[in-house]
Amino acid sequence: MSYIAHFRVWRGDSNKGELVDYNVEVNEGEVVLDVIHRLQQTQTGDLAVRWNCKAGKCGSCGAEINGRPRLMCMTRMSIFDKSEALTVTPMRTFPVIRDLVTDVEFNYQKAREIPAFAPPAGVAPGEYRMEQVDVERSQEFRKCIECYLCQNVCHVVRDHEENKPAFAGPRFLMRIAELDMHPLDAADRKRAAQEEHGLGYCNITKCCTEVCPEHIKITDNALIPLKERVVDRKYDPLVWLGSKIFKRTPANA
Amino acid sequence: MSEIERHSYDVVVIGAGGAGLRAAIEARARGKRTAIISKSLLGKAHTVMAEGGCAASMGNVNSNDNWMVHFRDTMRGGKFFNNWRMAELHAKEAPDRVWELETYGALFDRTKDGKISQRNFGGHTYPRLAHVGDRTGLELIRTLQQKIVSLQQEDFKATGDYESNIKVFHECTITDLLKTDGVISGAFGYWRGTGGFILFEAPAVVLATGGIGKLFKTTTNSWEYTGDGHALALRAGATLINMEFIQFHPTAMVWPPSVKGILVTESVRGDGGVLTNSEGKRFMFDYIPDVFKEQYATTAEESDRWYTDPDNNRRPPELLPRDEVARAINSEVKAGRGSPHGGVFLDVSSRMPAEVILKKLPSMYHQFKVLADVDITKEPMQVGPTCHYVMGGVEVEPDTASSNISGLFAAGEVAGGMHGSNRLGGNSLSDLLVFGRRAGLGAANYVDGLGARPAVNEADARAAETRALLPFKNEGGENAYTVHLELQQTMNDLVGIIRKGEEIELALKKLEDLAIRTRQVVVEGHREFNPGWHLALDLRNMLLVSMCVAKAALERVESRGGHTRDDYPVMDSDWRHVLLVLSARGEDDVRLRRQEQVPMRPDLLDLFELDELKKYYTGEELGGHRAGTAGESDTA
């Protein structure tokens, strides 16, 4: 049942690096992360890899396996042909720190730029009332484990460093959708989604949805509805009239 | 010697799980400049793994619930060994801490009338666990993380700098606490990414480093759980209590080997899952201990009725506290009635429709499907016990979370006492919210009351640096992985779920040998993100904590909660009031002494019936009970 697999693992740092070949034992039922750990334990103790839960819940061990963004802990070895080499490289959109570990600070910066939940005025803790059916839409997005595979695969930033300042990426546009759909959130987030966080850059190719290990329908359930809400607001004649008469600035400005 | 990066804060919180984040929120809310130090990236801490829920007696599903019922359940779960003041604070404050999360943006599952839904769990009398499907820990940590962001946004508006009052140091490990004239003055550590050293000057440190799971081979815990806080506290002169009590969660995956130990949430049983052996028998009916006879059903029929009519039926024995269920599974497997992969069967497929399973237990479905090719809507799971949680930890003052060292606080799993000899499921998330907040508050008050701030002694910082670099200077030793695997095997085999005196003595001998080998561990390569080096440093902590566990386990000659002695199988009232206290003796040894528990306040003791207390207490301890002299003459 055990066999020797041929792994090609990217080794290096922010300056340079290369694919290094390893032959390593694989046992029944193992995932790619098990094999990477075996390399650490038996062949190369300084191989850098980021991981925590090893159960698909923390989103730490994202990498590109044969070019496809995946969680190493949830990728079974049995899906690959035993005779073929398996190539493991770091996520391409983020700068490499060492080996398979990338600097994902971009995502923490973007997280900080999304205005936080705005509690409803006059509702005391313990008095929040929401229907299950109303919280479910946002709950789907809160399943996100922040592995950043969607951020990594999104073509808006994958090979376009210049777009990074203006684009929050699917994960954080979804965060805006989540807050906008929260039954008790008091803020209006639609204008900022478009003008400050780059919703318009997204042309719904669904790459993010395809790589999501939590199977969140990012494009269909978050990004497209958010785009529709933005459009509704922009072209709503009453809103337009109101903003002219009362010189109202958008709630989020 | 290289240049050491320096920072100055009011409060340094070590650990970015639920307890650490909640402590930091509180310290910042009290106007303290706060640093959060995280071994991993923010949002990845072990709290994320909690599945079932957060216990709080909000009474949303059954209005009979209140803090007194929760308090009683917690004390029973811990076999009356808990620090009763902690259990009292916890039961009283948990609802406010959960409601507060909603104001931070948390979205729990709802009841029909729009309140937070609550689910059944082992040892809890009423449905009590606020939850989000089976990913409650993720909701909790993300909510706290997002609250931190919102505080940073407030600071940005005021100062133009997001990090002016609260800053997260990701992927940064603390290796030493620094003291000056006997009080905390700072903390020393390294950046995992660059290997550069970093020094925090701070009068208050909150330990929120979680547990010690990586001492054991089979564990639900991630690589981070290396007992860092326990060891830092010991080396700083603080004391640990209850280290013999380790919770083995009854249900973890047992196959395939690479996923052995991954948690299968107790919600599976709370929502109706049953345990059976290879003969198809629901064996838990055979394992109801005397102390719980009144509260648990004795037939399958009554058990099944309980799900729809809990007021008139007793609960199924699958929902006994975790220590009982884990021991029962262990006994079944030992008796040759286990499943093909060495566990027992846990089945929901015959108990509820597939769509209900997918709705209530989505991540369990996903986990088994992807990792084991098992469809839990169609076939039973195979499960067995695994190391999950340490009840023991830093001895703290309940109200302030302060250790016996001025300026050092501890909250969450790293603190000891709250859960006694066994923690109830769902009491961990509530523990870290209640005592995370209290530790943040305690640290802030301590800083307010301080005159001059203690200055870090430069020589101590240099000594910490030398110590951290030792594995690069060693020659001829083994690599850290080899020594770690042997440590885990030793603890698993000799100080595991069922213990014997002679085996623990053997473990202690092996630990002495491993201590020498740990000092000689060699690291290859560079300092940038070098996991071999990181493990070498963590290994020292694991070794020291292993000694604590083994010494306390050898000393306690009874069986109680998460400490089962094959050679002393009975729970002994004379041991109920005895705490085993551990302190450091040099770099890698510990000393143990006995200490009396503080007797429970009479008004709390009166929350129990005398007949129940007699099962746990010695006669002379019960004189103060409301039943008064009648009680004394009964026990005489």
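Read on for an overview of the structure. (Residues numbered from 1 in each chain as written. Chains lettered and ligands numbered in written order. Predicted model: local features only at pLDDT ≥ 70, side-chain atom pairs only at ≥ 80, totals over all residues.)

1. Thoughts on the overall build of chain A
Next, step 1: The helix and strand tally for chain A stands at 10 helices and seven strands.
Next, step 2: Residue burial in chain A is summarised as follows: out of 253 residues, 47% are buried.
Next, step 3: Taking all contacts inside chain A whose residues are at least 6 apart in sequence as the whole, residues at least 24 apart take part in 65%. (Helix = DSSP H or I, 4+ residues; strand = E, 2+ residues; numbered from the N terminus. Buried ≥ 20, exposed ≤ 12 C-beta atoms within 10 Å, placed from the backbone. Contact = placed C-beta atoms within 7 Å.)

2. Examining helix α10 (residues 362-372) of chain B
All names here are of chain B.
Next, step 1: Within the sequence span of α10, burial applies to Met364, Tyr365, His366, Gln367, Phe368, Leu371 and Ala372.
Next, step 2: As for α10, its buried residues are in contact with β13 (246-253), α6 (267-270), α9 (354-360) and β16 (381-390).
Next, step 3: At the C-terminal side of α10, Asp373 shows a positive phi close to 55 degrees.

3. Digging into the interface of chain A and chain B
Next, step 1: With 47 residues of chain A at the interface, the matching set in chain B holds 50 residues.
Next, step 2: Residue assignment for the side of chain A that touches chain B shows that the elements contributing at least two residues are α1 (32-42), β6 (96-98), α2 (105-113) and α3 (132-142) of chain A.
Next, step 3: Among the elements that take part in the side of chain A that touches chain B, α3 of chain A stands out by supplying five residues, more than any other.
Next, step 4: A breakdown of the residues in the side of chain A that touches chain B according to their chemical character gives 20 nonpolar, 13 polar and 14 charged. (Nonpolar A, V, L, I, M, F, W, Y, C, P; charged D, E, K, R; others polar.)

4. Side note on the packing of helix α13 (residues 480-494) of chain B against helix α15 (residues 531-555) of chain B
Residue and element names in this part refer to chain B.
Next, step 1: Taken N-terminus to C-terminus, the directions of α13 and α15 make an angle of 25 degrees; their axes are 9 Å apart at the nearest point. Judged by the inter-axis angle, α13 sits roughly parallel to α15. Once α13 is placed against α15, the crossing between them reads as left-handed. On the side of α13, the interface is formed by Ala480, Tyr481, Val483, His484, Leu487 and Met491, while α15 contributes Gly532, Leu535, Ala536, Leu539, Met542, Leu543 and Ser546.
Next, step 2: Counted by class, the contact of α13 with α15 contains 10 nonpolar, three polar and no charged residues. (Axes fitted to C-alpha atoms, helices over the stretch in contact; angles between N-to-C directions. Parallel < 35°, antiparallel > 145°, perpendicular 65-115°, else oblique. Left-handed = near helix turned anticlockwise from the far one by under 90°.)

5. With respect to the nonpolar core
Next, step 1: Among the nonpolar cores identified, the biggest contains 262 residues, and Leu173 of chain A together with Val206, Leu207 and Ala411 of chain B are the most heavily contacted of them.
Next, step 2: Here Val206 of chain B is in contact with Val11, Val13, Ile14, Ala23, Phe409, Ala411, Ala439, Gly440 and Ala443 of chain B, once residues within four sequence places are set aside. (Core = buried A, V, L, I, M, F, W, Y, C linked by C-beta atoms within 7 Å.)

6. Things to note about the sheet that holds strand β7 (residues 166-169) of chain B
All names here are of chain B.
Next, step 1: Read from one edge to the other, the open sheet built from five strands follows the order β7-β3-β2-β11-β18, with strand pairing classed as parallel. At either end of the open sheet lies a strand with only one pairing partner, and these are β7 and β18 (408-410). Across the sheet, the axes of successive neighbouring strands diverge by a mean angle of 20 degrees, strand direction being ignored.
Next, step 2: Here four bridges tie strand β2 (residues 11-14) to strand β3 (residues 34-37), and the two strands are oriented parallel to one another. The partner of Val12 across the bridge, within β3, is Ala35. (Pairing = 2+ DSSP bridges.)

7. A short note on the sheet that holds strand β6 (residues 129-130) of chain B
Residues and elements named next belong to chain B.
Next, step 1: The strand order across the open sheet built from three strands is β4-β6-β5, with neighbouring strands paired in antiparallel fashion. In the strand order of this sheet, the two ends are held by β4 (54-55) and β5 (118-119), each with one partner.
Next, step 2: Across two bridges, the pairing between β5 and β6 is antiparallel. Paired with Arg119 across the bridge in β6 is Leu129.

It is worth stressing that arrangement in space is one thing and function is another; only the former is reported here.
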